[in-house]
Amino acid sequence: MLFPVQPGWERRYRDLGFDYVGQDDPPYWADSVGYEFTRGECDAIQAAAAELHRMCLQAVDRIVAEPGLLARYRLPPGFDDLVRRSWRRGDWTVCGRFDLACAGGAVKLLEYNADSPGLLLESAVVQWSWFEARGLGREDKDQCNLLHEKLVASWRGFHRWKLPGGERLHLAFWDRSLEDYRTCEYLADTARQAGLEATLVPLARIGTDGDALLDPEDRRITHLFMFYPLGWLFREAFAPVLLKDRCLLLEPPWKCLLSDKRILEILWELFPGHRLLLEATRDRPADPGGYMAKPYLGHGGAGVAVGSAAQPLHLAGAGADGLVYQRRADLPVFQALEGGPPRYLVVGAWVVGGEPAGICCREDTVPVMTDRSPVVAHTCADDRPATAPWPGRR
Amino acid sequence: MPRRSVRVQRCLVLPSSLAVSLLYSAGPGPGTALPPGGAGGAVVRGGFGSIADGQDATRETNGGTGDLGKGKGVVT
């Protein structure tokens, strides 16, 4: 079922900070459609996110305890110790997003966006605005979305834990991305609602005197949320300053073990055959047609290769160090009722403060999502005819 | 699953916060960063972001091609 487009929706979303839609075809935000889940399906996805989160924490505990596992990450000198310290003192984590394949009643982990997850504003604010504007709550529908509330609660806990004296929280974003800027702006807003003093800073304007990180006004940065992959941060020019450990990083250094796609092969080794996991290996598979190759530190779907008879994986991954091979998932495919080719669906499951916090939907005409793949809102309802696919695209 | 509650409206003020960001210009780039610890107190900037900018990209960091978010606007 199509949802009627609301007059003035672009202006309404712009006022919410969602002004990076662009002119893509199909459009980045699909306002006229939505995915419909049953409450039971939402519960299953939330339960999967909670279980995957627990498994990830167990994996981190093993990795920091076993030098052989930690060495596989090939972190720059000194960062093994920083990661271990960060884990052992229980450094605070804000949020992350599991990307899941949900088909045929099964849920499978595709990857974990554990540090700098995109879709935050779209998931927490825009899709909720979409839901409210249509009055869907009055139709006894719901949306699996407590992201905003849990973000504020998480910041409140962080405030009590680390910033009782009123120190400033800095939030850094990559200067060239309006999307990243808006995401950090939204996160700063949630932090302020929790009582924190929050300041945005472009990544390129962070300075150092060789001892500490400094903001553009030369104030010492003591608590820094980086909306930037830790695996990249640790390999850049100022990374040695982080080793002095005088600035508390959010997401914490230990999360680099989870946002790196090596975690997919390590999870498979620690939990072989687990129902929520796809087989993943660092060894090039003999039958590449059944696998996808993903760069360990890639983001936004860049560099991902899909194996097939026509495009063998070894062409994409020639000299293939730095790739994880993950068995291909069965992504559900839906007819595009508004026109155009069928769409593959990937479900994002948010975790905030260690708890499931809601879901979001991303679709594309190809089975690899990128940072430009359209985002679609969702609803959940009590039930749906048993013959309908799981979930239903409406 | 429990019914969700009505949320508190977020209270973002876009124009002022955007204006703050526009005051900042790009840094000198990672190639000009002084080695941390040897700067003698002088403040240098621009030592983060090079992989996203497309510099220092490797096969492992294959997302760092300078193309992330392309088409969805830039902070000017």
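Residues numbered from 1 in each chain as written. Chains lettered and ligands numbered in written order. Predicted model: local features only at pLDDT ≥ 70, side-chain atom pairs only at ≥ 80, totals over all residues. Heavy atoms only, no water.

Engineer: Is there a simple way to think about the pairing of strand S8 (residues 223–227) of chain A in this case?
Structural biologist: Residues and elements named next belong to chain A. Across the five residues that make up S8, a large majority, five, are buried. What you see with S8 is no split at all: His223, Phe225 and Phe227 on one side and Leu224 and Met226 on the other are buried throughout. Bridge analysis of strand S4 (residues 168–173) against S8 gives five bridges, and the strand direction is parallel. Each bridged residue has a counterpart across the sheet, and for His170 the counterpart in S8 is Leu224. Examined bridge by bridge, S8 and strand S9 (residues 248–250) share three bridges and lie parallel to one another. Each residue of the ladder has a partner; that of Leu224, found in S9, is Leu249. (Buried < 20%, exposed > 50% of the residue type's maximum accessible area, 1.4 Å probe, protein only. Helix = DSSP H or I, 4+ residues; strand = E, 2+ residues; numbered from the N terminus. Pairing = 2+ DSSP bridges.)

Engineer: When you look at the nonpolar core in this model, what are you seeing that I'm missing?
Structural biologist: Nonpolar side chains in soluble globular proteins generally cluster together in the buried interior. Residues and elements named next belong to chain A. Counting 79 residues, the largest nonpolar core has Phe98 and Ile206 as its most contacted members. Considering each element in turn, this core owes the most residues, eleven residues, to helix H2 (residues 39–65). Residues in contact with Phe98, not counting those within four places in the same chain, are Ala49, Leu52, His53, Cys56, Leu109, Glu111, Tyr112, Val347, Gly348, Ala349 and Val351. (Core = buried A, V, L, I, M, F, W, Y, C linked by side-chain atoms within 4.5 Å. Contact = heavy atoms within 4.5 Å.)

Engineer: Explanation requested: the packing of aromatic side chains in the structure shown.
Structural biologist: For any pair of aromatic rings, the description consists of the separation of the ring centres together with the inter-plane angle of the planes. Residue and element names in this part refer to chain A. Under the counting rule described, the total for this entry stands at 18 aromatic pairs over all chains. Ring geometry for Trp9 versus Tyr13: centroids 5.6 Å apart, planes at 65°, classification edge-to-face. A residue pair is termed a helical-turn pair when its members lie 3 or 4 positions apart in one helix, as Trp9 and Tyr13 do in helix H1 (residues 9–15) at four residues. There is no split in this pair, since Trp9 and Tyr13 are both buried. (Phe/Tyr/Trp six-rings, centres within 6.5 Å; stacked < 30°, edge-to-face > 60°.)

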